[in-house]
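Structural overview for review
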Amino acid sequence: MTSEEIVEKLKSDMDGKILEATVTLGDAVVHVSPDALHEVAVFIKDDPDLKFDYLSYISGVDYLDQDREPRFEAVYEFHSIDHNHSIRLRVGLEEDDPTVPTVSDLWLGALFPERELFDMFGFNITGHPDLRRLIMPEAWEGHPLLRDYPLTTEDVTFSHNRDYKSDLVKSKPPTR
Amino acid sequence: MGLIDQVADKIEEEIGNIKLNAKEAAEAFEAQYSGAIYDSILTTKLGKVVGWAQKNALWPATFGLACCAIEMMAMANSRWDAARFGAEVFRASPRQADLMIVSGRVSQKMAPVLKIIYDQMAEPKWVISMGACASCGGIFNNYAIVQGVDRVVPVDVYVPGCPPGPEALLYGIIKLQEKIMNEAGTSGAKKRAA
Amino acid sequence: MSVTEQGLLERDKDTMTLNMGPSHPSTHGVFRIIMEMDGEIVKSTDPEIGYLHTGIEKTSENKRYVHVIPMTDRLDYLSPPSNNLAFCLTAEKLLQCEIPPRGNYLRVIMCELARLGSHLVWLATHALDIGAMTIFLYCWREREMILDLNEEISGVRMMTSYLRIGGVAFDSTPEWLANVRKFVDYFPSKIDEYERLLTHNPIWLDRTQGVGVMSREDAINWSLSGPALRASGVDMDFRKIRPYSGYENFKFDVPVGKNGDVYDRYLMRVEEMRQSREIIDQALNSLPDGPYKTQDNKISLPDRDTLHTSMEALIHHFKLVSEGVNVPAGETYVPIEGPRGEVGFYIVSDGSGIPYRAKMRAPSFMAIPGMCKMMEGCFIADVVAVIGSIDIVMGEVDR
């Protein structure tokens with residue numbers, strides 16, 4: 001199925017559950033709310049025309065610098081082995097309580113990426129069998145990939161262009 | 001006038017005697033209480049022989065962390081044979097190794113492990129910091145990488161590069177061998193053997 | 001172990017905990033597995049990663065696109081051009097930029113050479129762990145030839161950073177092409193040599209057949225990819241199903257296995273080495289002339305001789321070198337087939353010259369839970385064989 005057909009099918013069959021479904025740059029992108037994620041996931045896995053049986057990755061994004069609501073997003077991408085198409089689910093999460101249900105009961109390959117979401121962003125994955133830090137040490141405080149977490153706490157020891165470098169690290173150019 | 005000169009000479013002689021006595025007394029004291037074999041000319045030569053033996057049989061411990069480990073493996077292979085410089089086998093157990101080549105970036109989680117492995121090595125031991133990441137943090141100046149492995153273990157030779165070619169690492173090992181030879185028989189080597 | 005009231009030690013579980021620690025000669029990097037053993041058999045595993053975490057994803061949120069390319073080299077450090085290609089393809093999809101055919105063919109040659117280099121390291125270390133030490137020396141002999149080719153075209157042995165957004169960094173020279181041709185003619189006899197040593201070797205067969213079996217459904221569900229997935233019977237290779245960078249012009253086979261054990265994965269990768277050599281051969285024979293990077297000077301640097309005469313070229317050069325390419329806002333993902341499986345970058349761009357979020361989809365990271373599932377029920381000696389067969393690289397696992 002092409003990306004347009006996938007988007008049409010989801011808009012027709014999962015009408016109340018998805019927030020938005022578009023085709024951007026040839027990819028089928030579906031915006032879902034966290035409560036509806038599991039239902040949509042079951043649908044896209046079991047439906048014989050869609051049959052998304054392969055989880056590609058789960059990523060988190062922090063949109064703090066772009067000042068949009070909701071602040072966080074969890075992005076899931078699935079492939080279908082038999083039909084050779086892909087879909088991307090984008091789940092917007094609120095800043096004060098970023099919670100998303102697990103999909104590891106459907107795709108076992110989601111175990112590690114969801115632990116990484118918890119570790120790097122602080123998302124709360126409900127229903128995950130083993131939610132603990134994956135990449136950072138266990139006693140680490142903070143979630144490194146948040147936009148307000150500093151990149152480094154120490155300056156370069158010796159540099160010919162110290163000011164330029166520290167500016168580049170500390171401040172971002174305006175995004176708008 | 002002659003009397004004063006004589007007295008001055010006598011005083012100088014006495015001071016000289018006291019100095020000599022003090023030196024002998026100090027030496028006798030040291031010889032009595034140190035018991036180390038590095039204390040005479042004969043044993044300095046022995047120290048040089050020991051240093052020659054150590055430098056020609058430096059067995060590295062496998063401590064390949066990241067990309068530099070691949071170039072370390074390339075150094076151990078047939079093109080840049082490290083075995084001809086004495087680094088014959090890479091020992092997996094740190095207790096059997098005397099050289100630790102920290103090859104790769106050391107993350108915050110790995111630093112305690114690095115220290116434990118270093119502590120498990122038996123004296124005398126040397127450390128080569130291979131690559132830019134191990135020497136100074138490399139291109140990664142961030143929260144996750146220890147900015148230089150010399151914050152964790154004492155380093156003898158730094159080999160720059162990203163990754164340093166096997167010939168650069170071999171040059172680092174040769175420099176380390178020169179360092180061992182220069183230190184052999186002196187108090188520097190004595191500190192390592194303690 | 002717990003202590004009873006009388007001060008006696010008491011066993012509270014039947015299994016022994018064995019730690020295959022981060023510093024281990026056979027873990028292919030800093031990887032820790034805590035195994036519960038029942039005698040020699042592994043009952044359950046608990047992998048621990050993060051010992052090589054470098055913070056590359058966060059660092060790339062502070063660097064321009066061209067500065068991120070050398071950092072992507074250090075992710076999967078056994079085949080740097082594949083990571084470069086994944087990153088560049090995604091940025092080019094956001095830019096809607098066309099790559100000229102010569103650029104595509106040069107990219108394919110470099111990526112396939114890197115695939116050969118990566119598979120040679122895999123074979124060397126996998127065989128070394130199982131006990132065959134000769135292959136280690138033989139494989140590195142060929143890899144040195146590939147690294148010499150890398151050095152000739154880009155100046156660096158391993159981390160070439162040869163690809164750029166819009167094409168490749170430098171053009172190839174006729175001498176380099178002649179050297180690649182020499183390598184391509186020399187290589188098949190070497191693969192035969194490796195196969196003579198291993199493929200029908202009874203010790204190898206004993207150590208690898210029937211070990212670490214993963215069924216087709218499990219392999220898909222655990223998100224394995226690359227040769228490990230194909231060995232379990234899934235015909236999925238992104239070079240065939242979603243061709244990128246000109247791969248549709250080449251004729252090559254994709255091996256698919258039956259049993260999904262360590263032996264099948266070995267056969268997959270050896271056959272892939274042969275097919276990669278075929279691809280490089282065809283690319284050399286049909287290398288088109290023309291520009292090697294896109295002529296759109298807002299994306300790639302203008303040719304140096306035009307800087308003397310053209311004012312626009314000078315301004316574009318200045319802007320590209322000082323500010324970098326500005327990628328339009330949006331988000332996308334392009335999967336490619338790296339030596340370990342599906343590699344891709346999910347890039348979110350905010351319209352500036354600095355990626356807002358660049359997440360790497362690392363095949364080894366997704367393969368680790370499946371790999372640990374494979375180990376359950378195996379002997380302790382098979383654990384080493386399984387780790388070697390999945391070919392994990394900790395640089396991309398921990399990023």
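Predicted model, so just to flag it, every value in this text is computed and none were measured. What you see as residue numbers is a count from 1 along each chain, following the sequence as written. Each chain is given a letter, starting from A, and each ligand a number, starting from 1, according to the order in which they appear as written. Reporting in this predicted model follows two pLDDT cut-offs: at least 70 for local features of residues, and 80 or more for side-chain atom pairs to be given and counted; totals over whole chains, interfaces and linings ignore these cut-offs and use all residues. Only heavy atoms go into the side-chain values, all of them from the structure, while hydrogens and water stay out.

**What about the overall build of chain A?**
- Looking only at helices and strands, chain A has four helices and seven strands in total.
- Secondary structure elements follow DSSP: runs of H or I no shorter than four residues count as helices, runs of E no shorter than two count as strands, and numbering proceeds from the N terminus. Ordered by position in the sequence, the α and β elements of chain A form the string α-β-β-α-β-β-β-β-α-β-α.
- Partly exposed residues are those whose accessible area sits between 20% and 50% of the maximum for their type, while under 20% is buried and over 50% is exposed, using a 1.4 Å probe and protein chains only. Within the span of chain A, comprising 176 residues, buried residues form 52% of the whole.
- Partitioning the contacts of chain A with sequence separation of at least 6, the portion at a separation of at least 24 is 50%.
- When the accessible surface of chain A is totalled, it reaches about 8000 Å², and 51% of it is carbon and sulfur. Contact criterion: two residues are considered in contact whenever any of their non-hydrogen atoms come within 4.5 Å of each other. Each accessible area is a Shrake-Rupley result for a 1.4 Å probe, and residues are judged covered by the shown protein chains and nothing else.

**Remarks on the sheet that holds strand β8 (residues 330-338) of chain C**
All names here are of chain C.
- Here, a strand pair is defined by DSSP locating no fewer than two bridges between the strands. Spatially, the three strands line up as an open sheet ordered β8-β9-β10, and their pairing is antiparallel. Only two strands of the sheet have a single neighbouring strand rather than two, namely β8 and β10 (357-361). Averaged over all neighbouring strand pairs, the angle between strand axes comes to 15°, with direction disregarded.
- In this analysis an axis means a line fitted to C-alpha atoms, helices contributing only their contacting stretch, and an angle means the value between N-to-C directions, from 0 to 180 degrees. Contacting β8, β9 (341-349) and β10, helix α3 (residues 80-95) crosses the sheet at an angle of about 145° to β8.

**Some remarks on the interface of chain B and chain C**
- Listed per partner, the contact involves 29 residues of chain B and 32 residues of chain C.
- Defined in terms of a 1.4 Å probe, buried area is the accessible area two parts forfeit on being brought together, summed over both. In this assembly, chain B packs against chain C so that about 2700 Å² is buried in total across both faces, 64% of it on carbon and sulfur atoms.
- Counting the surface chain B buries against chain C, the share from its top three residues, B:Ile70, B:Arg105 and B:Lys109, is 20%.
- Criterion for a salt bridge: a side-chain nitrogen of Lys or Arg within 4 Å of a carboxyl oxygen of Asp or Glu. For B:Arg79, the salt bridge is made with C:Asp148, and the minimal N-O distance between the two is 3.2 Å.
- Secondary-structure elements contributing two or more residues to the side of chain B that touches chain C are α3 (67-76) and α4 (111-120) of chain B.

**Focus: the interface of chain C and chain A**
- Taken together, the contact pairs 46 residues of chain C with 55 residues of chain A.
- Regarding the contact of chain C and chain A, the summed buried area is about 4300 Å², with carbon and sulfur atoms giving 55% of it.
- When the area that chain C buries against chain A is broken down by residue, the three leading residues are C:Lys58, C:Asn62 and C:Tyr356, summing to 16%.
- Think of a polar contact as two N or O atoms within 3.5 Å of one another; within protein, one of them needs to be a possible hydrogen donor and the other a possible acceptor, and neighboring residues in sequence only count if both atoms come from side chains. Summed over the shared surface of chain C and chain A, the result is 27 residue pairs in polar contact (both at pLDDT 80 or more).
- Residue polarity is assigned by list, with Asp, Glu, Lys and Arg as charged and Ala, Val, Leu, Ile, Met, Phe, Trp, Tyr, Cys and Pro as nonpolar; anything else, Gly included, falls into the polar class. Grouping the constituent residues of the side of chain C that touches chain A by class yields 21 nonpolar, nine polar and 16 charged.

**Quick word on the pairing of strand β5 (residues 86-93) of chain A**
All names here are of chain A.
- Judged by how many residues are buried, β5 sits mostly within the fold: seven of eight residues are covered.
- When strand β2 (residues 27-32) meets β5, the two strands line up parallel, connected through four bridges. Residue pairing for β5: Val29 is matched across the bridge by Arg88.
- By the bridge criterion, eight bridges tie strand β4 (residues 72-79) to β5 in an arrangement that is antiparallel. Looking across to β5, one finds that Phe78 is bridged to Ile87.
- The loop that links β4 with its antiparallel partner β5 comprises six residues; one of these, Asn84, has a positive phi angle of about 55°.

**Section: the sheet that holds strand β5 (residues 41-48) of chain C**
All names here are of chain C.
- If you trace the three strands from one edge of the open sheet to the other, you get β3-β4-β5, paired in antiparallel fashion. Every other strand in the sheet has two partners, leaving β3 (16-20) and β5 as the edge strands with one partner each. Across this sheet, the average inter-strand angle for adjacent strands is 25°, counted without regard to direction.
- Taken together, the seven bridges between strand β4 (residues 32-38) and β5 define a ladder with antiparallel strand orientation. For Asp38, the partnering residue across the bridge sits in β5 and is Ile41.
- In the packing of helix α13 (residues 363-375) onto the sheet, the strands contacted are β4 and β5, and the crossing angle to β5 comes to about 165°.

**Topic: the packing of aromatic side chains**
Residues and elements named next belong to chain C.
- Only rings of Phe, Tyr and Trp enter the pairing, Trp through its six-membered ring, and a pair is recorded when the two centres are within 6.5 Å. The plane angle decides the type: under 30 degrees is stacked, over 60 is edge-to-face, the rest tilted. Counted by the stated rule, this structure contains 21 aromatic pairs over all chains.
- For the ring pair Tyr65 and Phe87, a centre distance of 6.0 Å and an interplane angle of 35° mean the geometry is tilted. Placement of the pair is Tyr65 in helix α2 (residues 65-73) and Phe87 in helix α3, with a sequence separation of 22 residues. The residues Tyr65 and Phe87 share a single accessibility class, namely buried.

**Notes on the pattern of salt bridges**
- In the structure shown here, the tally under the stated rule is 57 salt bridges over all chains.
- Notably, a salt bridge pairs C:Glu61 with A:Arg147, separated by 2.8 Å at the nearest N-O pair. Taken together, the residues C:Glu61 in the loop between α1 (56-59) and α2 and A:Arg147 in the loop between β7 (124-126) and α4 (162-170) connect one chain to another.
- Using a relative accessible area of 12% as the deciding quantity, one classes A:Arg147 as buried.
- Of the charged contacts, one joins C:Arg230 and C:Asp237 as a salt bridge, the two residues approaching to 3.9 Å between their closest N and O atoms. In terms of burial, C:Arg230 and C:Asp237 fall into one category: buried.
- Three or more residues joined by partner-sharing salt bridges are found here, namely A:Asp27, A:Arg68, A:Glu73, A:Glu77, A:Arg88, A:Arg90, C:Lys93 and C:Glu331.

**Remarks on the confidence of the model for chain B**
All names here are of chain B.
- Of all residues in chain B, 91% attain a pLDDT of 70 or more, and the chain-wide mean is 84.
- Mean pLDDT values over the elements of chain B span from 71, in helix α7 (residues 187-193), up to 94, in strand β4 (residues 157-159).
- Across the interface, the model reports ipTM at 0.87; the global pTM reads 0.87. Per-residue confidence from the prediction method is given by pLDDT, with values spanning 0 to 100.

**Quick look at unusual backbone geometry**
- Looking along the chain, the bond that leaves B:Glu123 and enters B:Pro124 is cis, with omega of -10°.
- Examined against the element boundaries, B:Pro124 turns out to sit in the loop between α4 and β3 (126-130).
- Cis peptide bonds are those with omega within 30 degrees of zero, and the linkage from B:Cys162 to B:Pro163 qualifies with -10°.
- Considering the arrangement of structural elements, one finds B:Pro163 in the loop between β4 and α6 (166-183).
- Positive phi outside glycine occurs at A:Lys51, with the angle close to 50°.
- With respect to the secondary-structure elements, A:Lys51 resides in the loop between α2 (37-46) and β3 (54-62).

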